[in-house]
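Per-entry structural report
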4 protein chains.
Amino acid sequence: MKAYAMTRIGHTGWVDKPRPTCGPLDAICRPIALAPCTSDVHTVWSGSIGERFDLVLGHEAVGEVVEVGALVRDFKPGDRVLVPAVTPDWSSREAQAGFAMHSGGLLGGWKFSNSKDGVFAELFHVNDADGNLALLPAGMDLAAACMLSDMVSTGLYGVELAGVEFGDTVAVVGIGPVGLMSVAGAAIHGASEIYAVGSRPNCVALAREYGATQIIDYHVGDIAVQILALSGGVDRVIVAGGDAKTFVQAVQMVKPGGCIGNVNYLDEGDHVIFPRLEWGCGMGNKSVHGGLMPGGRLRMEKLASLVITGRLDPARLVTHRFTGIEGVEQAVMLMKDKPSDLIKPLVLLDDAAPAPVEV
Amino acid sequence: MKAYAMTRIGHTGWVDKPRPTCGPLDAICRPIALAPCTSDVHTVWSGSIGERFDLVLGHEAVGEVVEVGALVRDFKPGDRVLVPAVTPDWSSREAQAGFAMHSGGLLGGWKFSNSKDGVFAELFHVNDADGNLALLPAGMDLAAACMLSDMVSTGLYGVELAGVEFGDTVAVVGIGPVGLMSVAGAAIHGASEIYAVGSRPNCVALAREYGATQIIDYHVGDIAVQILALSGGVDRVIVAGGDAKTFVQAVQMVKPGGCIGNVNYLDEGDHVIFPRLEWGCGMGNKSVHGGLMPGGRLRMEKLASLVITGRLDPARLVTHRFTGIEGVEQAVMLMKDKPSDLIKPLVLLDDAAPAPVEV
Amino acid sequence: MKAYAMTRIGHTGWVDKPRPTCGPLDAICRPIALAPCTSDVHTVWSGSIGERFDLVLGHEAVGEVVEVGALVRDFKPGDRVLVPAVTPDWSSREAQAGFAMHSGGLLGGWKFSNSKDGVFAELFHVNDADGNLALLPAGMDLAAACMLSDMVSTGLYGVELAGVEFGDTVAVVGIGPVGLMSVAGAAIHGASEIYAVGSRPNCVALAREYGATQIIDYHVGDIAVQILALSGGVDRVIVAGGDAKTFVQAVQMVKPGGCIGNVNYLDEGDHVIFPRLEWGCGMGNKSVHGGLMPGGRLRMEKLASLVITGRLDPARLVTHRFTGIEGVEQAVMLMKDKPSDLIKPLVLLDDAAPAPVEV
Amino acid sequence: MKAYAMTRIGHTGWVDKPRPTCGPLDAICRPIALAPCTSDVHTVWSGSIGERFDLVLGHEAVGEVVEVGALVRDFKPGDRVLVPAVTPDWSSREAQAGFAMHSGGLLGGWKFSNSKDGVFAELFHVNDADGNLALLPAGMDLAAACMLSDMVSTGLYGVELAGVEFGDTVAVVGIGPVGLMSVAGAAIHGASEIYAVGSRPNCVALAREYGATQIIDYHVGDIAVQILALSGGVDRVIVAGGDAKTFVQAVQMVKPGGCIGNVNYLDEGDHVIFPRLEWGCGMGNKSVHGGLMPGGRLRMEKLASLVITGRLDPARLVTHRFTGIEGVEQAVMLMKDKPSDLIKPLVLLDDAAPAPVEV
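Residues numbered from 1 in each chain as written. Chains lettered and ligands numbered in written order. Predicted model: local features only at pLDDT ≥ 70, side-chain atom pairs only at ≥ 80, totals over all residues. Heavy atoms only, no water.

**Quick look at the overall build of chain A**
Selection criterion: Labels follow the DSSP assignment, with helices taken as runs of H or I lasting at least four residues and strands as runs of E lasting at least two, numbered in each case from the N terminus. As a reference, a globule follows 2.2 Å times the number of residues to the power 0.38, and the radius of gyration itself is taken over C-alpha atoms. Should any heavy atoms of two residues lie within 4.5 Å, those residues are considered in contact. For the accessible areas, the method is Shrake-Rupley and the probe is 1.4 Å, while residue cover comes only from the protein chains on display.
Within chain A, the regular secondary structure consists of 10 helices and 17 strands. In terms of overall dimensions, chain A is globule-like: its C-alpha atoms have a radius of gyration of 20 Å, near the 21 Å expected for 359 residues. Taking the intrachain contacts of chain A between residues at least 6 apart in sequence as the baseline, contacts between residues at least 24 apart amount to 72%. For chain A, the accessible area works out to roughly 11,500 Å², and carbon and sulfur atoms hold 53% of it.

**Considerations on the interface of chain D and chain A**
Using the following cut-off: Note: buried area is the sum, over both parts, of the accessible area (probe 1.4 Å) each one loses when the two are combined. Any carboxyl oxygen of Asp or Glu within 4 Å of a side-chain nitrogen of Lys or Arg constitutes a salt bridge here. We define a polar contact as two N or O atoms separated by no more than 3.5 Å, with the added condition that, inside protein, one atom must be a possible hydrogen donor and the other a possible acceptor, whereas residues neighbouring each other in sequence contribute only through side-chain atom pairs.
Residue-level contacts link 42 residues of chain D with 42 residues of chain A. Here chain D and chain A share an interface that buries about 3,500 Å² over both sides, 62% of which is from carbon and sulfur atoms. Broken down residue by residue, the surface that chain D buries against chain A is led by D:Arg276, D:Met283 and D:Asn285, which jointly contribute 21%. If you look at where chain D meets chain A, you find zero salt bridges. Here chain D is connected to chain A by 28 residue pairs in polar contact (both at pLDDT 80 or more). Secondary structure elements with two or more residues in the side of chain D that touches chain A: α4 (142–162), α8 (246–253), β13 (254–262), β14 (271–275) and β15 (287–290) of chain D. Of all the elements, β14(D) adds the most residues to the side of chain D that touches chain A, at five residues.

**With respect to the interface of chain C and chain B**
The following threshold applies: Basically, the charged four are Asp, Glu, Lys and Arg, the nonpolar ten are Ala, Val, Leu, Ile, Met, Phe, Trp, Tyr, Cys and Pro, and anything else, Gly included, counts as polar. Two strands qualify as a pair provided that DSSP identifies no fewer than 2 bridges between them.
Contacts between the two partners involve 42 residues from chain C and, on the opposite side, 42 residues from chain B. Overall, the association of chain C and chain B removes approximately 3,400 Å² of surface from exposure, summing both partners, and the carbon and sulfur fraction of that is 62%. Where chain C packs against chain B, one counts zero salt bridges. Viewed at the interface, chain B and chain C are joined by 28 residue pairs in polar contact (both at pLDDT 80 or more). Mapped onto the side of chain C that touches chain B, the elements with two or more residues apiece are α4 (142–162), α8 (246–253), β13 (254–262), β14 (271–275) and β15 (287–290) of chain C. With five residues, the top contributor of residues to the side of chain C that touches chain B is β14(C). Looking at the side of chain C that touches chain B residue by residue, the classes come out as 22 nonpolar, 14 polar and six charged. Relative to β14(C), strand β14 (residues 271–275) of chain B is paired through five bridges, and the arrangement is antiparallel.

**Thoughts on the relation of the copies chain D and chain A**
Rules: The copies were overlaid by least squares, fitting only the C-alpha atoms of residues that reach a pLDDT of 70 or more in each copy.
Overlaying chain D with chain A gives an RMSD of 0.0 Å, the required rotation being 180 degrees about an axis along which the chain moves by 0.0 Å. The superposition of one copy onto the other is thereby described by a two-fold rotation axis. Of the residues that chain D buries at the interface, 100% are likewise interface residues in chain A, meaning the two copies contact each other through the same surface.

**Description of the sheet that holds strand β1 (residues 2–8) of chain D**
Residue and element names in this part refer to chain D. The following threshold applies: For helices, the axis comes from a line fit to the C-alpha atoms of the stretch in contact; other axes are also lines fit to C-alpha atoms, and the angle between any two N-to-C directions lies between 0 and 180 degrees.
Pairing within the open sheet is antiparallel, and its three strands lie in the order β2-β1-β4. Pairing within the sheet leaves two strands with one partner each, and these edge strands are β2 (11–16) and β4 (55–56). Two strands pair when backbone bridges link them, and β1 and β4 are joined in this way by two bridges, in the antiparallel orientation. When the bridges of β4 are listed, Met6 appears paired with Leu55. Of the strands in this sheet, β1 and β2 touch helix α10 (residues 327–337), which is tilted by about 40 degrees from β1.

The structure is reproduced here in structure tokens:
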């Protein structure tokens, strides 16, 4: 089976992999839409999750079910499905505690291209199909559908972590695809002013369309200083990008009683730092919530319903399109090189071609 | 001072009242925009809060400050202000517990036209001006501003009580002005499908504009049956109208784990009833939250920011306009008679004429 | 296999049942301690869940695993286990939404003696063993362990539903075994004054030991009147008993901003009624939360840890003990007859005798 | 008026101060019990709030009202009162948002010995008497009452910030008087295992009495390593002491989905640091809540009710007692020197002597 993998840190390539095995609760799917993520780039070129050999990349996909295990009740071969990037073990203690994304341990619900092969292959494996897949709604655009796997789920989780409520002022730091979804999500979760921090023209334009009321360009000066000057302090900060200094600025710009939600994968440095004084010497009631998006079926269905009802249009994130599984390589390289007109690439697979099923 | 009052149950009229006295923390305002509310109608003609004599009606207003007490720091004569219908005592135990609307006792934060004279007068009194007034934002339309007092605050509180989150399906029962704001609020707090229950054509049309995806007409059949058929059960129900049967239907249509938020003032009957079986024999985790909107300055500022940033346009509720304080009578009678083209009337007062200030 | 069953409404008896079948995720256990519940009595003699034929009764047990399915990782034959009365399907949408007790539909997580045979048999079946069983901690008293299945879990859930916080005044209506656990739970979740409503001397004495500060006897007068006279209104009400009037009284005695948590299974009447005026005409912010205890492994482990660390001693509930599976009949009849010295009976099974395993 | 003040950084002494002036909402009290706090020591000798001249120290007191302003309704001269260390402005926006402790700006609710003179004087001033004082319950021990001002309120706030629920495992880092109250508070808010980090024998003994199940001595080895070895990770960490490394260890020892509550005033260093990897690269759902205790009347009443009902006995914190206002100096020096037998000193003032009132 053909797959696009991280062969080792710093290297990618096409590899031949055995067809994945389907357990009694699982499904095997073939991809019909795929998208690479910045974290694929970090995985390969920053070594952010450590050394791996021939690990199939990718965790954003729309698929078609080609096989299901004997205990799967709700899906059957031929079903077209939304696939979340995070696929928890739902009976784990962590899931029972409301933190399925950490089922089995810290970040344990993130399996694709981390603890098992990812989706950039002719076929991929989904654990607990009934718990983790969702039917692709009839008529849903594949670009929108593929953005649900991670971009929408993570971006909106930033809004949830930050606790945006009616009339809150919100700063969104970073307006790559996740941050753009945080902007869009804040606008449909009650935010009033949204200060979007970024500078790339296409992202800035899209941020405005998604509901940003102010654009803050870090080239102009310190973003905390700028946002404080405009707002006197914001109620919520969503961190969806940035660097080592970002939490310092986030704490500076948020009001006492406010909250910082982080959905940025911090891939370097030993420590994350907060400024002591502006954090109220530990007593400022400036809460910090950083989390991995929840995964699973219900969330996919809920997020899809936002697209279906026209509340959210994630397809606008897609700036580049490729066709066929070979397109994955170009898409990944595009994410690596980040040309100025890129927000998110999409790979559409030949829908008509049957997958190499050998059940 | 000229004022429009409930002279006794079933009767209204113009009365002469002494100018209100300004305590050290208080403000005296003259109205620049006023609106009558269905609860004014209930107060007079249903006797819903009991017998009162010459009680000045009205709790929805935009005003201009004409006098402030010695301890007021943030407002001065000439300031144009948003006025919430609920004006709590902020140092009360209830406010400290997070329920300022009940400061001093059940519903105690609702003072206008309840425990003191209302706003339908040449001048009205506001307790704790710093805690309860908010500056009218420059350029804000007076119709929108006047809707913030109660319609927006109550309608959006329904969304908060029901706990609408991303992708939730929501039923809004009743699409008078409050219910319409619940529809609009649900749409900007994460709802996907919104089932709006109502039938008057102008309300139906506006419900769609505000984000309703389905209209449920109770003339067609039982609303719970209709909504269950379409949705299989909704996540949230907002009760913003209806009658004695409404909670029965609300419990029937909401999923286990869902929530019912009530913002309808129930003005008749000894009891509210729930259906035992569909309420899971008491174990269905179908929560019921009924509450009076929070009042005060911060909420006014937050709600105003939604209008300023274009997230919410409450001015569309206003279907009829009158001018001058005399218009109050026509507006109240319109609310009483409810012609089919009415959603909400507004009275604009001559802005140029100075109020009869005798400080 | 010998089992004690509801043969039809109003009748119980010993029946012969086939050995339950173990699915890949499941376990088969033999009981080592059992307890009947008031809901067994309601199931049989009130027909509260409808007609059933030869349905094995019982949902409170400590067991020994005799067989596990091929996909079970954490348990093996010979393990002694805590068994929750509610055993959800953890990958269901409802569980993903945080309401596992309703997995598959209203009350769907309650399977024992409801949608499948219960635990009063030589062997019983547990769905999703890894998700629903917990190891019996070494040295834990079997009486305490058996009370964890339902009495502790339900009683403490009342505390959680009512939202008891530091310094809250709490009324607990009903001090049968569940209500007693609500008293004990409130005392270790921050309550100050606890008004326990009941009159049976043994229950009253135990309520005081568990932390009740005041006993309210309904023979003396209306309980709401009594509690209002003493407290001026309580912050939280836990309904763990009572009749049709109880919610009326609960609404009367709770403060605005307070909360009523119900864990009483309401088994008769078409409707539950609330008093309109004291409920603030729908706007009193007196929340009503009624729910089925959450089930599953994590909750069993957490509740067990309270016993292990000495925070809670549920063994004191047990007033009568029987030995051998035959004792189940006597215990059930005792629950039916409710002699004045009864709180809770326990049946201990001969630990040494091997179960009739025929794997 | 005689007062004990910080004359400048590093120096204290008795100063003569004018009698405080009573505004219309305020009260003037004479102390009947006083206690110095570690933060008084930091204020003087670490300069933790910056340079101040002749600032009267102290924020823990029980008092007797000697004068009230014209708008005060609930208190009168002669009333004996509990005095919270934090006395917010209740009509401020921050209070309306639920964060009264930051009324008027970061930490703005902390006024005593910070933005105005403290309580170590013959008389002290209380802003918003109705909102901030509470009657001393009849018969309450003055030692317990004085501990409510800060030790109990702060210690229990740690429990609230960390979100301790039934069966949670909790680590309390630091078992000075605040940490000891966190231990006691965790035990009456549902904790099972409580790992108390400390080594002074008197504190260790008292921690066990208050409910600690394990004592972790940092002299033996890294506390995170020890607690992880015993627990496999705790659900909650309450930081009530420690140094620059403490948050690193807190993040290490808490489970994904867990929470860290900080009530330690961090008085040195530019930054607070978190370990990136153990914080899940920003995605570990290990929440961090650091806050200043809420103040005001309702909280004092609620905390007092825990003492009255015997749930909490904070008087056991008091190891040293002094008499007369002169005792304040000895008590402060004791806090500075921290002899090994000290937990908390108390100063009792001659109750019979009338205060130098000159109204």
